[in-house]
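Tertiary structure, described
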Amino acid sequence: MKKNLMVRRLMTLALLMILHSSLFTLHSMAQKFALVDMEYILKNIPAYERANEQLNQVSKKWQAEVDALTTEAQTLYKNYQNEVVFLSKEQKQARQDAIVAKEKEAADLKKKYFGPEGELFKKRTALMSPIQEEIYNAVKDVADLRGYQLVLDRASDSGIIFGSPKIDISSEVLKKLGY
């Protein structure tokens, strides 16, 4: 009986030690998370709004240039259709070539301005990168200060269903940025 009781106590003690070490390991592995709302942060940074306005203006200007070339191509085509019966074979070919050239010019200009490596992309990168870098550094500083291992953007489509306002550090980041 004493032997049974002693074995039970040893087993209980061993089990408690295993549980304690498991809880300690889980606790030490626990990570602190925080959320930021990038839309909120960006709306409160005047430089971002100015950069966006500048991008919109240049985009409208460039789109007007592309539209003008497209309109010229359409006009050439309409004129061609109206006069096609009066044109010689050589004149028809010359007009068709002019129309195709104008359409290509419009397409090339559109690609130059709005393509994946186009002027708008380059301008957006030049204007936004310093702002994004500044925000990143502020988020990193706040995360380091508070001991966060992971900071998620609440505004992105990352699938965050709920985030407690207690872990939202957006205002703190803005304060760090001086806003």
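Each residue is numbered by its place in its chain's sequence as written, counting from 1. For a predicted model such as this one, the threshold for reporting local features is a pLDDT of at least 70, and the threshold for listing and counting side-chain atom pairs is 80 or more; totals across whole chains, interfaces and linings nevertheless cover every residue. To obtain the side-chain values, all non-hydrogen atoms of the structure were included, while hydrogens and water were left out.

**Concerning the overall build of the chain**
Where helices and strands are cited, they refer to DSSP runs of H or I of at least four residues and of E of at least two residues respectively, numbered from the N terminus. Of regular secondary structure, the chain possesses 6 helices and 2 strands. In the chain, the succession of helices and strands from N to C terminus is α-β-α-α-α-α-β-α. Type-normalised accessible area, obtained with a 1.4 Å probe on protein chains alone, sets the label of each residue: buried when under 20%, exposed when over 50%, and partly exposed for intermediate values. Expressed as a percentage of the 179 residues in the chain, the buried residues total 21%. We call two residues in contact whenever any of their non-hydrogen atoms come within 4.5 Å of each other. The contacts of the chain with a sequence gap of at least 6 include a subset with a gap of at least 24, amounting to 77%. Computed with the Shrake-Rupley method and a 1.4 Å probe, the accessible areas treat only the protein chains shown as cover for residues. Entry remark: accessible area of the chain is about 13500 Å², with carbon and sulfur atoms responsible for 59%.

**Some points on the confidence of the model for the chain**
The quantity known as pLDDT measures the predictor's confidence residue by residue, on a range of 0 to 100. Of all residues in the chain, 79% attain a pLDDT of 70 or more, and the chain-wide mean is 84. In this model, residues 23-28 is a region of pLDDT below 50 whose contacts with residues beyond four sequence positions or in other chains number 0 contacts.

**Quick word on the pattern of salt bridges**
When a carboxyl oxygen of Asp or Glu is within 4 Å of a side-chain nitrogen of Lys or Arg, the pair counts as a salt bridge. Applying the stated criterion across every chain yields a total of 9 salt bridges. Note that R146 and E172 form a salt bridge whose closest N and O atoms lie 3.0 Å from each other. Of this pair, R146 sits in helix α5 (residues 119-146) while E172 sits in helix α6 (residues 170-177), placing them 26 residues apart in sequence. Each of the salt bridges in this network shares a partner with another, and the network as a whole consists of E72, K102 and E105.

**As for the packing of helix α3 (residues 46-83) against helix α4 (residues 89-114)**
Relative orientation of the contacting elements α3 and α4 amounts to 165°, with a least axis distance of 9 Å. One element, α3, and the other, α4, form an angle in the roughly antiparallel class. α3 and α4 meet at a crossing whose hand is left-handed. All amino acids are sorted into three groups, where Ala, Val, Leu, Ile, Met, Phe, Trp, Tyr, Cys and Pro are nonpolar, Asp, Glu, Lys and Arg are charged, and the leftover types, Gly among them, are polar. Residue classes in the contact of α3 with α4 are distributed as 13 nonpolar, 5 polar and 9 charged. To define axes, lines are fitted to C-alpha atoms, for helices over the stretch in contact only, and angles between the resulting N-to-C directions are given on a 0 to 180 degree scale. Orientation is classified from the angle alone, with under 35 degrees giving roughly parallel, over 145 giving roughly antiparallel, 65 to 115 giving roughly perpendicular, and any other angle giving oblique. We call a crossing left-handed when the near helix sits turned anticlockwise from the far one by less than a right angle, and right-handed when that turn is clockwise.

**Topic: the packing of aromatic side chains**
Any Phe, Tyr or Trp ring, taking Trp's six-membered ring, that has another such ring centre within 6.5 Å forms a pair; planes under 30 degrees apart are called stacked, those over 60 apart edge-to-face, and the others tilted. Counted by the stated rule, this structure contains 2 aromatic pairs. Aromatic side chains Y113 and F114 sit 6.3 Å apart centroid to centroid with 75° between the ring planes, which places their arrangement in the edge-to-face category. Residue F114 is classed as partly exposed on the basis of its relative accessible area of 26%. Following the ring pairs from residue to residue traces out a cluster consisting of W62, Y113 and F114. Charges are assigned to positions over rings by a cutoff of 6 Å between ring centre and Lys NZ or Arg CZ, combined with an angular limit of 35 degrees from the ring normal. Over the ring of Y148 we find K32; its NZ or CZ atom is 5.3 Å from the centre of that ring.

**Let's talk about a nonpolar patch on the surface**
Patch construction takes residues with relative accessible area above 30% that form no salt bridge. Like charges are linked within 9 Å, and nonpolar side chains (Val, Leu, Ile, Met, Phe, Trp, Tyr) are linked within 5 Å. Together, F33, L150 and L152 line one region of the surface with nonpolar side chains, adding up to about 230 Å² of accessible area. Note on placement: F33 falls in strand β1 (residues 33-36).

**Considering the environment of Y40**
Relative to the helices and strands, Y40 resides in helix α2 (residues 38-43). The spatial distance from the C-alpha of Y40 to the C-alpha of A155 is 8.3 Å, given a sequence separation of 115 residues. When sequence neighbours within four positions are dropped, the list of residues in contact with Y40 reads S170, S171 and L174.

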